[in-house]
Amino acid sequence: MGHLLMVESWVGSMSRLLPRAIAEAGHTFTFLTRDLHHYLRSAPEGADHPLLGARNVLTADTNDLPSLLPQVARLHEALGFDGVLSSCDYYLPTVARIAGHLGLPGPTADSVTAACRKDETRRTLEQAGVPGPRFAVCDGFAAASVAAKEIGYPLVFKPVDLCAGMFVRRVDDERQLADAHRDLDAFPVNARGQLRSPAVLLEELLDGPEVSVETVSFDGRTQVVGVTDKSVGGAPGFIETGHMFPAPLGADETAAAVDTALAALAGLGLDRVVAHTEIKLTARGPRVVEVNPRPAGNRITELVRHVTGIDLARACVDLALGREPDLTTRPTGVASAAIGFLLPPDGEGGAVGADGADGADGADGADGADGADGEVGEGGVLEGYGTATGPDPTAGLEALTGVLEVRLAEPGTRVRPVADNNGYLGHIMATGDGNGSARERVAELLDTVRPRVVAAR
């Protein structure tokens, strides 16, 4: 039996999947956080958050690495850790530093830091010859304005150190570029109390569909678990509206996406990680969007598990303990699985989503995303589903053939205008017989769910 140190977490599905995987494997964990309230407020009413089922729940300033390393070393002497992990992007470099400091298994801190910083990813992959968009890293609007003219509009505007599509925007001209800078400048500290970098990334807007390649690397060998496709909406933002596994690609497209993802992992020097590498299939060939050195969010890991029997959360636990994960495909009877996310209808302030969700399982949002409190608009309140006088269209959805999960926000949930993957009101997951049928099934089911949002009083 192993004893893991978990340093922070998202509060969406992975915050439940990792504790489940740890327990099912017969291990225990100690949970270390700087702000326990961040997790307490995300627990379902009347239930404890699974993270609080840890053997120990301890507090420390997880944002102060120089003071954290000696403190964790003292804890290690007293409690004895066999591995360290986190599901939260903001703390993956910290976890890698702790593992190296304690002599525990894990990827190198430099490789994880380069993957988590979008500007460092771009520079590193460019040097390694891995195809990506034309880009510029800019400090301030004046520099961005010059770089934008050199690359050419339209562009993608990205913070270098936020997640879940927060403040990522398509910009078509200098006015929109200025607006994007102004909005980002008003958010100088992320939801975990970390000061953001002033740098921004400008990227060529890539054409074509987007997929992600799910992989597990151990001792220099990388196994490809599969390729997931992605639906995106919410322009000018890039909101993930759904996923399907496996992606309905031809053999040549699949091979090209996989080869590009493997080149990106090698270029960054990532090993001993579960990785989620996002790829655009452009007319000029695959281009790397991002490399995430952790299991995919948005319950993609559950799509993979339903189709292949492979548990990527369990693989993450095994890697943290220095053990080679079991990635044997097992018959499940499911050819494909898809998930679709519910976004409320447009109102006066635009579409709205769960307030400050941080991937919370009430709305079961992007699992990789801290809510940007007060980021945009005033929002409203979810009154219910369907018409005011008609029957609730959500009743009985879970009992329908092929439906795997239905998670919808409760009436009374506060909502806000949506601009990123924090804005979901819920999701539906269902199976299909391949060739995109799972996505079609999910779309049909979501079309029957009509949320009613009223102005906040």
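Residues numbered from 1 in each chain as written. Predicted model: local features only at pLDDT ≥ 70, side-chain atom pairs only at ≥ 80, totals over all residues. Heavy atoms only, no water.

### A few points about the overall build of the protein chain
- The number of helices and strands found in the protein chain is twelve helices and 20 strands.
- For 457 residues, the compact-globule estimate of 2.2 N^0.38 gives 23 Å, and the protein chain sits close to it at 21 Å.
- Overall, the C-alpha framework of the protein chain stretches about 60 × 55 × 50 Å when taken along its three principal axes.
- Out of the 457 residues in the protein chain, the part that is buried amounts to 56%.
- Pairs at least 24 apart in sequence give 72% of the contacts found in the protein chain among residues at least 6 apart. (Helix = DSSP H or I, 4+ residues; strand = E, 2+ residues; numbered from the N terminus. Rg over C-alpha atoms; globule rule 2.2 N^0.38 Å. Buried < 20%, exposed > 50% of the residue type's maximum accessible area, 1.4 Å probe, protein only. Contact = heavy atoms within 4.5 Å.)

### Observations regarding the sheet that holds strand β11 (residues 239-245)
- The strand order across the open sheet formed by eight strands is β13-β12-β9-β10-β11-β14-β19-β17, and the pairing between neighbours is antiparallel. The sheet terminates laterally at β13 (285-292) and β17 (403-408), the two strands that pair on one side only. Going from strand to strand, the sheet's axes swing by 25° on average, the running direction of each strand aside.
- With respect to the sheet, helix α10 (residues 300-308) is in contact with β9 (210-218), β10 (221-233), β11, β12 (274-282), β14 (336-342), β17 and β19 (426-432), its orientation differing from that of β11 by roughly 15°. (Pairing = 2+ DSSP bridges. Axes fitted to C-alpha atoms, helices over the stretch in contact; angles between N-to-C directions.)

### Describing the UniProt feature "domain: ATP-grasp" (unreviewed entry) in the protein chain
- As annotated in UniProt, the feature "domain: ATP-grasp" (unreviewed entry) corresponds to residues 122-321 in the numbering used here.
- Taken end to end, residues 122-321 has its terminal C-alpha atoms 30 Å apart, with 32% of it in helix and 32% in strand. (UniProt positions renumbered as here; feature names shortened; annotations may be inferred.)

### Quick word on α10
- Most of α10 sits out of view: eight of its nine residues are buried.
- Those residues of α10 not exposed but buried are I300, T301, E302, L303, V304, H306, V307 and T308.
- Immediately beyond the C-terminal end of α10, within one or two residues, lies G309, with a positive phi of roughly 80°.

### A word on the environment of C138
- Its place among the elements puts C138 in strand β5 (residues 135-139).
- A sequence separation of 117 residues divides C138 from A21, and the C-alpha atoms of the two residues are 41 Å apart.
- Contacts of C138, omitting those with residues within four sequence positions, involve A143, A144, A147, P198, A199, V200 and L202.

### Notes on the pattern of salt bridges
- Enumeration according to the criterion identifies 35 salt bridges in this entry.
- Residue R20 pairs with E302 through a salt bridge whose shortest N-O separation is 3.9 Å. Of this pair, R20 sits in helix α1 (residues 14-24) while E302 sits in helix α10; the two residues are 282 residues apart in sequence, bridging distant segments of the chain.
- Looking at R20, the relative accessible area reads 21%, which means it is partly exposed.
- With a shortest N-O distance of 3.8 Å, E204 and R134 are connected by a salt bridge. Of this pair, E204 sits in strand β8 (residues 199-204) while R134 sits in the loop between α6 (118-127) and β5, placing them 70 residues apart in sequence.
- Owing to a relative accessible area of 44%, R134 belongs among the partly exposed residues under this scheme.
- Overlapping salt bridges, with partners in common, bring together R20, E24, E302, R305 and D311 in one network. (Salt bridge = Lys/Arg side-chain N within 4 Å of Asp/Glu carboxyl O.)

### What to know about the nonpolar core
- Counting 42 residues, the largest nonpolar core has L4, M6, L18, F29, L85, V216 and V317 as the members making the most contacts within it.
- Elements represented by at least two residues in this core include exactly β1 (3-7), α1, β2 (28-33), β9, β11, α10, α11 (312-320) and β14.
- At seven residues, α11 tops the list of elements feeding residues into this core.
- The residues touching L85, leaving out its near neighbours within four places in the chain, are L4, L5, M6, V7, L18, V95, C316, V317 and A320.
- C116, L125, L281 and V288 belong to the second-largest nonpolar core, a separate cluster that totals 26 residues. (Core = buried A, V, L, I, M, F, W, Y, C linked by side-chain atoms within 4.5 Å.)

### Details of the sheet that holds β5
- In spatial order, the strands read β5-β8-β6-β7; together these four strands make up an open sheet with antiparallel pairing. Looking at the sheet topology across the chains shown, the edges are occupied by β5 and β7 (169-171). Sheet twist, expressed as the average angle between the axes of neighbouring strands with direction ignored, equals 30°.
- Two strands pair when backbone bridges link them, and β5 and β8 are joined in this way by five bridges, in the antiparallel orientation. Residue V137 lies in a different strand from β8, and its bridge partner there is L201.
- Sheet strands touched by α6: β5, β6 (155-159) and β8. Its angle to β5, the strand with the most contacts, is close to 140°.

### Concerning the packing of α6 against helix α9 (residues 251-268)
- Interaxial distance between α6 and α9 falls to 9 Å at its minimum, and their mutual angle equals 100°. Compared by their axis directions, α6 and α9 come out roughly perpendicular. Across the interface between the two elements, T121, T124 and L125 from α6 touch A264, G267 and L268 from α9.
- The residue makeup of the contact of α6 with α9, split by class, is three nonpolar, three polar and no charged. (Parallel < 35°, antiparallel > 145°, perpendicular 65-115°, else oblique. Nonpolar A, V, L, I, M, F, W, Y, C, P; charged D, E, K, R; others polar.)

### Focus on the state of the cysteines
- Per the counting criterion, the structure on display carries zero disulfides.
- Here C88 is not cross-linked by a disulfide; its sulfur's nearest cysteine counterpart is in C163, at 6.7 Å.
- Residue C88 is classed as buried on the basis of its relative accessible area of 0%.
- In this structure C116 is not part of a disulfide, and its nearest cysteine sulfur, from C163, lies 7.6 Å away. (Disulfide = S-S within 2.5 Å.)

### Some points on unusual backbone geometry
- Between Y153 and P154 the backbone carries a cis peptide bond, its omega angle lying at -5°.
- Across the junction of F245 and P246, the peptide omega takes the value -5°, indicating a cis bond.
- Take P246: it is sitting in the loop between β11 and α9.
- Unlike most non-glycine residues, E8 shows phi in positive territory, near 60°.
- The phi dihedral of A164 is positive, around 60°, even though this residue is not glycine.
- Here A164 shows up in the loop between β6 and β7.

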